[in-house]
Amino acid sequence: MSKIEIRDLTKSYDGKINILEGIDLDVNEGEFYVLVGPSGCGKSTLLRIIAGLEQITAGTLKIDGQVANQMLPKDRNLSMVFQNYALYPHMTVKDNILFGLDVRKVPKDEQLRRLDEAAEMLGLSQYLKRKPRELSGGQRQRVALARSVCSQSPICLMDEPLSNLDAKLRGQMRNEIRRLQKQLGLTVIYVTHDQVEAMTMGDRIMVLHGGKIQQTGTPLELYNCPANTFVAGFIGSPQMNLCQAKLTEQGLVLENDLVIPLTLEERRNLPQGTRWQIGVRAEQIEPASPAQEGTCLVYAASTEMMGNETQVLFRVGDVLFTARWAGQYMIDPGQRLHIRLSADDFHFFDLDKGSLVRPALHIKGQAALTA
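These numbers come from a predicted model, not from an experiment.

Calculation rules
Residues numbered from 1 in each chain as written. Predicted model: local features only at pLDDT ≥ 70, side-chain atom pairs only at ≥ 80, totals over all residues. Heavy atoms only, no water. UniProt positions renumbered as here; feature names shortened; annotations may be inferred. Helix = DSSP H or I, 4+ residues; strand = E, 2+ residues; numbered from the N terminus. Expected span 1.5 Å × (residues − 1). Buried < 20%, exposed > 50% of the residue type's maximum accessible area, 1.4 Å probe, protein only. Contact = heavy atoms within 4.5 Å. Disulfide = S-S within 2.5 Å. Salt bridge = Lys/Arg side-chain N within 4 Å of Asp/Glu carboxyl O. Polar contact = N/O pair within 3.5 Å; in protein donor to acceptor, adjacent residues only side chain to side chain. Pairing = 2+ DSSP bridges. Phe/Tyr/Trp six-rings, centres within 6.5 Å; stacked < 30°, edge-to-face > 60°. Lys, Arg positive; Asp, Glu negative; His and termini not counted. Axes fitted to C-alpha atoms, helices over the stretch in contact; angles between N-to-C directions.

1. Here's the deal with the UniProt feature "domain: ABC transporter" (unreviewed entry) in the chain
Okay, step 1: Within this structure's numbering, the places UniProt gives as "domain: ABC transporter" (unreviewed entry) are residues 4-235.
Okay, step 2: In the segment residues 4-235, helix accounts for 37% and strand for 25%; the C-alpha atoms at its two ends are 25 Å apart.

2. Quick look at helix 5 (residues 167-184)
Okay, step 1: Its 18 residues give helix 5 an end-to-end C-alpha distance of 26 Å, which sits within 8% of 26 Å, the value for a rise of 1.5 Å per residue.
Okay, step 2: Every buried residue of helix 5 is listed here: Leu169, Gly171, Met173, Arg174, Glu176, Ile177, Arg178, Leu180 and Gln181.
Okay, step 3: Along its buried surface, helix 5 packs onto strand 3 (32-36), helix 3 (108-121), helix 4 (137-151), strand 7 (155-159), strand 8 (187-192) and helix 6 (195-201).

3. Some thoughts on the state of the cysteines
Okay, step 1: Per the stated rule, a full pass over the model turns up zero disulfides.
Okay, step 2: The thiol of Cys225 is unpaired, and the distance to the nearest cysteine sulfur, on Cys243, comes to 19 Å.
Okay, step 3: A relative accessible area of 35% places Cys225 in the partly exposed class.
Okay, step 4: Summary of cysteine pairing: Cys296 is not part of a disulfide, and the nearest cysteine sulfur, belonging to Cys243, is at 12 Å.

4. Focus: the pattern of salt bridges
Okay, step 1: Counted under the stated rule, the structure contains 16 salt bridges.
Okay, step 2: Among the ionic pairs, Asp102 bridges to Lys108, the shortest N-O distance being 3.3 Å.
Okay, step 3: Linked through salt bridges whose partners overlap, the residues forming this network are Glu110, Arg113, Arg114 and Glu117.

5. Remarks on the environment of Ile363
Okay, step 1: Relative to the assigned elements, Ile363 resides in the segment after strand 21 (356-358).
Okay, step 2: Given the relative accessible area of 12%, Ile363 is considered buried.

6. Observations regarding the environment of Arg113
Okay, step 1: Among the secondary structure elements, Arg113 is positioned in helix 3.
Okay, step 2: Taking the C-alpha atoms as reference points, Arg113 and Cys150, separated by 37 residues in sequence, lie 9.3 Å from one another.
Okay, step 3: A distance of 2.7 Å separates the side chain of Arg113 from the side chain of Glu110, its partner in a polar contact.

7. Quick notes on the sheet that holds strand 15 (residues 286-287)
Okay, step 1: Taken in spatial order, the five strands of this open sheet run 15-19-16-17-18, and their pairing is antiparallel. Both outer strands of the open sheet, strand 15 and strand 18 (319-326), are each paired with one neighbouring strand and no more.

8. Structural notes on the pairing of strand 11 (residues 241-247)
Okay, step 1: Two strands pair when backbone bridges link them, and strand 11 and strand 14 (residues 275-280) are joined in this way by six bridges, in the antiparallel orientation. Each residue of the ladder has a partner; that of Ala245, found in strand 14, is Trp276.
Okay, step 2: Pairing of strand 11 with strand 12 (residues 252-254) involves three bridges; the strand directions are antiparallel. When the sheet's bridge partners are listed, Ala245 is paired in strand 12 with Leu254.
Okay, step 3: Hairpin connection of strand 11 to strand 12: four residues between the antiparallel strands, including Gly251 at a positive phi of 150°.

9. Quick look at the packing of aromatic side chains
To describe a pair of aromatic rings, one takes the distance between the centres and the angle between the planes.
Okay, step 1: Considering all chains together, one arrives at seven aromatic pairs under this definition.
Okay, step 2: Taking 4.9 Å as the distance between ring centres and 55° as the angle between the ring planes, the aromatic pair formed by Tyr88 and Phe99 counts as tilted. Here Tyr88, found in the loop between strand 6 (78-81) and helix 2 (93-103), pairs with Phe99, found in helix 2; they are 11 residues apart in sequence, far enough to count as distant.
Okay, step 3: Judged by relative accessible area, Tyr88 falls into the partly exposed class, the value being 33%.

10. Some thoughts on the side chain of Gln311
Okay, step 1: With respect to the helices and strands, the residue Gln311 is situated in strand 17 (residues 309-316).
Okay, step 2: For Gln311, the contacting residues outside a window of four places in its chain are Pro238, Ser302, Thr303, Glu304, Met306, Thr322, Ala323 and Arg324.

11. A closer look at the environment of Met199
Okay, step 1: Within the secondary structure, Met199 sits in helix 6.
Okay, step 2: Along the backbone, Met199 and Ile235 are 36 residues apart, and their C-alpha atoms lie at a distance of 8.1 Å.

12. Quick word on the side chain of Glu197
Okay, step 1: Here Glu197 lies in helix 6.
Okay, step 2: Buried charged residue Glu197 carries no salt bridge. Nearest counter-charge: Arg170, at 4.6 Å.
Okay, step 3: Of note is the side chain of Glu197, whose polar atom sits 3.1 Å from the side chain of Thr192.
Okay, step 4: Apart from the residues within four sequence positions on either side, Glu197 is in contact with Leu162, Arg170, Arg174, Tyr190, Thr192 and Gly202.

13. Brief notes about the sheet that holds strand 10 (residues 212-217)
Okay, step 1: Judged by pairing direction, the sheet is mixed, and its six strands sit side by side in the order 6-7-8-3-9-10 without closing on themselves. A single partner strand is all that each edge strand has here, and the edge strands are strand 6 and strand 10. Sheet twist, expressed as the average angle between the axes of neighbouring strands with direction ignored, equals 15°.
Okay, step 2: Note that strand 6 and strand 7 share four bridges and pair parallel. Paired with Ser79 across the bridge in strand 7 is Cys156.
Okay, step 3: Most of the contacts of helix 5 go to strand 3, to which it runs at about 140°, and overall it touches strand 3, strand 7 and strand 8.

Here's what the structure looks like:
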């Protein structure tokens, strides 16, 4: 049985415009489930509906098999971690962590036992007498997590809890949250607009856009087989290179500009039709020497030196492509570059609908995939 089950959920505030529409969701016990999408896609609204802070317009929500459409938040046996920590500034760390247990009248000795466990688990034991203003952002987020851990609720809802932290702290807290979730066996629903968080933390991911589900799957399913051009462009960093392509006698022509030579096998592997939108990941675009057969000539627009890798930007027609090359390449703007592009590395999408027609047949680091 699913821990949380949603069927055909719709949410509207005015009865005319649906903020969420046709949402189906199953979250299994002990799963780390991520809701991801751009601002305004409805992911936080969906989380608030599960928490009982928003009413459902239509559809069914079940928690542990029980219909929860009208269930009060306090009866849903879940905890919530917010983006802004939601700590009481006049209370100590200890009092903030225990506040929910006080409200629920949990016995004092049980409160202290849970406090000791949570503080030890999250490295807060030496900060229990401090006020929130005396803590760093990461420490405040740990206090919010400790409060959730102390509640011992089997379901934890997290609404962009790391967005106020710097990059280094976000990386540390990603690992901390994932470790806690596994250690405690929590069922977590995690909202973020950051696809890196979604990819590195989630067991499964739901991508939302415009209040509708675009795709649900494991991180690698979304990365390797995006259902449409929106998912393809949203999942992955740098984002997938997308452009229009047409088949000619010379090969595959991108944006009426760059001709990709095709072998007989690559031609046989093409989907039906002669015009598509294609996508290729940055790591699939490889540097080549002029002597190699089947290479393409492009001109560097700029580079982004990352130390361990170089991101090379070049134009295909009016579209700016990004290639990711391991190592350090000193490349000047306008410099001629020979690259290798294979149609077997391309994702093919319907030109009008944007839906996936054929995924890439080769994924770097994996054995070849069949169409």
